Amino acid sequence: MKLYKSITATAILSFGMVMTGCSDWLDYTPKDKQTYDQQFATASGFHTTVNGIYSSIYSSSLYGRNLSYGAIDVMGACYNIPTSNTSMNEYCSATWTGTYASAGLESIWSSAYTAILNTNVLLQALDEFPGVLTNDDSKLIRAEMLAMRAMLHLDLTRLFSPCYAQKPDGLAVPYANTTEIVRRDRLSTAVIVNDYIIPDLNEAQSLLKEVDPVLNGSVLNTDGEDEGNWFRYRQLRLNYYAVALLKARAYMWVNDWDNALTEAEKITDDPNVETAFPWVNPTTILGGPARPDRVFSTECLFGFYNSNFSDIFDTAFSGTLDPATVLQPRNAYTSVLFANEGDYRMQSQWTSSVSVTSDYDFAKYRGFTATANNPEFWATFFGMMRKSEAYFIKAECLMKTDRISDAVACLNIFRSHRGEEALSPSIAQNALDKEIKFEYLRELRGEGQIYFLHKRNYQRFGLYSSGVYEFDGSGRCSFTDSPSIATRYNVPIPSGENY
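Residues numbered from 1 in each chain as written. Predicted model: local features only at pLDDT ≥ 70, side-chain atom pairs only at ≥ 80, totals over all residues. Heavy atoms only, no water.

(A) The environment of Gln347, seen in detail. Structurally, the position occupied by Gln347 is in helix H14 (residues 344-349). Each C-alpha atom, one on Gln347 and one on Arg294, is 9.5 Å from the other, the two residues being 53 residues apart in sequence. Here the side chain of Gln347 touches Gly342 through a polar contact of 2.7 Å, landing on its backbone oxygen. (Helix = DSSP H or I, 4+ residues; strand = E, 2+ residues; numbered from the N terminus. Polar contact = N/O pair within 3.5 Å; in protein donor to acceptor, adjacent residues only side chain to side chain.)

Have a look at this one:
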């Protein structure tokens, strides 16, 4: 691969604690033994390396934009992209060879594999420097880095593989699980999920079950003072429940409903989750609070601090922006998606627009200033995984295995925490399927999961109407078969990788 030919050194980010900022880069090459030894001679060296790896995946190339509210959501037809928006229109219209789309996909690929390589270096260092860390600390780091490696490979697989429902043996991506700079063969989706991703997550989950503080009922979302914060702020790290959700996503991707259900129930059926990740308090989002928790932060299993959080709305979603660049739904879209105007998400995450092209702006990431007198956590928190997705997965798995009443009961638990009416236990299966998918569209917009929902189901992107499943979203390019769904879902790996 070009990636492995071009990377002759890997850069481990030497960041300070994620909560307090960052410092400089620390360059590392396999030949630079002194630098390598110095980095991993102390616990703080391990810790800054871990935080650097986390920080690297929050760049705009990955989850800071491209794999959250940016390119991947445009590919999922979440916005009405005009032809004048050349860069976003290439993603929307699946013009994969276009200048912008091809560069963006290359950025995702190279940034993800660089982070994976750094993760592998750290995992190797855990073996080479025994005794530097306490036993619990070593287990925690190993678990999180295995989960990190699996998460990045899973999203690369979901993006660059053929749709599993259409081509289960189709080639996906290479799995990099060592520090060797070598060309690796692409693997099929089934192999990469079952033989690599799931084993990594199994080991991570087993280790976390022994040492993760979140299992004691709290994310420890306060400063540890003299004890430090390394074992605190667990929603900022790949904790036990985040790993369970990752496993559920992986199993869903290969249509393994039974195992996906088992993992989802580790979240939905564990009373500890309600203690550690409670449902959002409606008073923090409704009734005009000055600083609403639009991201429903308490429910997020995993996320990150984004010091530029308030810039997201101002630069991407505000109706005051140039119509050629703003990311907005089409007019009347929200009235279809939110038939119940009392839905907490409609009330808090959408705002009337001054734009002539849309009646609402997506305001989930509309920020506010946090100060010493206004220290709300959610002012800078960007959620990447949330417990609501586990309810969607559980409901779908129950439905797929003909347990309709149980699926309805599961989804109704979630709906009760969004101000929605309960679904009838006698609802038809096709109508239940629609409701589950609509919850994805209401809940996970801006978080990078909607394209994967469409692709996993190999479905068109139009709105549901007249009994026909033509799912969302809102965009000009979402209501036709041009380009075909086959084109939309067969995203090519970067051309320079020489496969």
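Having put the structure on the table, let's press on.
(B) Fine view of the pattern of salt bridges. All chains considered together, the criterion is met by 31 salt bridges. With a closest N to O distance of 2.5 Å, Lys139 and Glu210 form a salt bridge. Placement of Lys139 in helix H7 (residues 135-160) and of Glu210 in helix H8 (residues 189-211) is noted, with a sequence separation of 71 residues between them. The salt bridge partner of Glu263 is Lys247, with a shortest N-O separation of 3.1 Å. (Salt bridge = Lys/Arg side-chain N within 4 Å of Asp/Glu carboxyl O.)

(C) Geometry of the environment of Ser56. Here Ser56 is to be found in helix H3 (residues 43-57). With 56 residues separating them in the primary sequence, Ser56 and Ala112 have C-alpha atoms 9.0 Å apart.

(D) Representation of the packing of aromatic side chains. Tallied over the full model, the rule gives 32 aromatic pairs. Ring centres of Tyr305 and Phe377 lie 5.5 Å apart, and the angle between their planes is 65 degrees; this geometry places the pair in the edge-to-face category. Of this pair, Tyr305 sits in strand E3 (residues 300-305) while Phe377 sits in the loop between strand E5 (360-362) and strand E6 (381-386), and the two are 72 residues apart along the sequence. Overall, the relative accessible area of 24% leaves Tyr305 in the partly exposed class. Both rings, one in Phe392 and one in Phe414, keep their centres 4.9 Å apart while their planes meet at 85 degrees; by these two values the pair is edge-to-face. On the criterion of sequence distance, the pair formed by Phe392 in helix H15 (residues 387-400) and Phe414 in helix H16 (residues 404-415) is long-range, its members being 22 residues apart. Comparing Phe392 with Phe414 shows no difference in burial state: the two are buried. Taken together, the ring pairs in this structure connect Tyr58, Tyr69, Tyr79, Phe304, Phe309, Phe317, Phe338, Trp350, Phe362, Tyr365 and Phe382 into an aromatic cluster. Directly above the aromatic system of Trp279 lies the positively charged group of Lys387, at a separation of 4.0 Å from the ring centroid. Stacked on the ring of Phe438, the Lys or Arg Lys434 has its end atom at 5.3 Å from the ring centre. (Phe/Tyr/Trp six-rings, centres within 6.5 Å; stacked < 30°, edge-to-face > 60°. Buried < 20%, exposed > 50% of the residue type's maximum accessible area, 1.4 Å probe, protein only. Lys NZ or Arg CZ within 6 Å of the ring centre and 35° of its normal.)

Any link to function would need more than the numbers given here.
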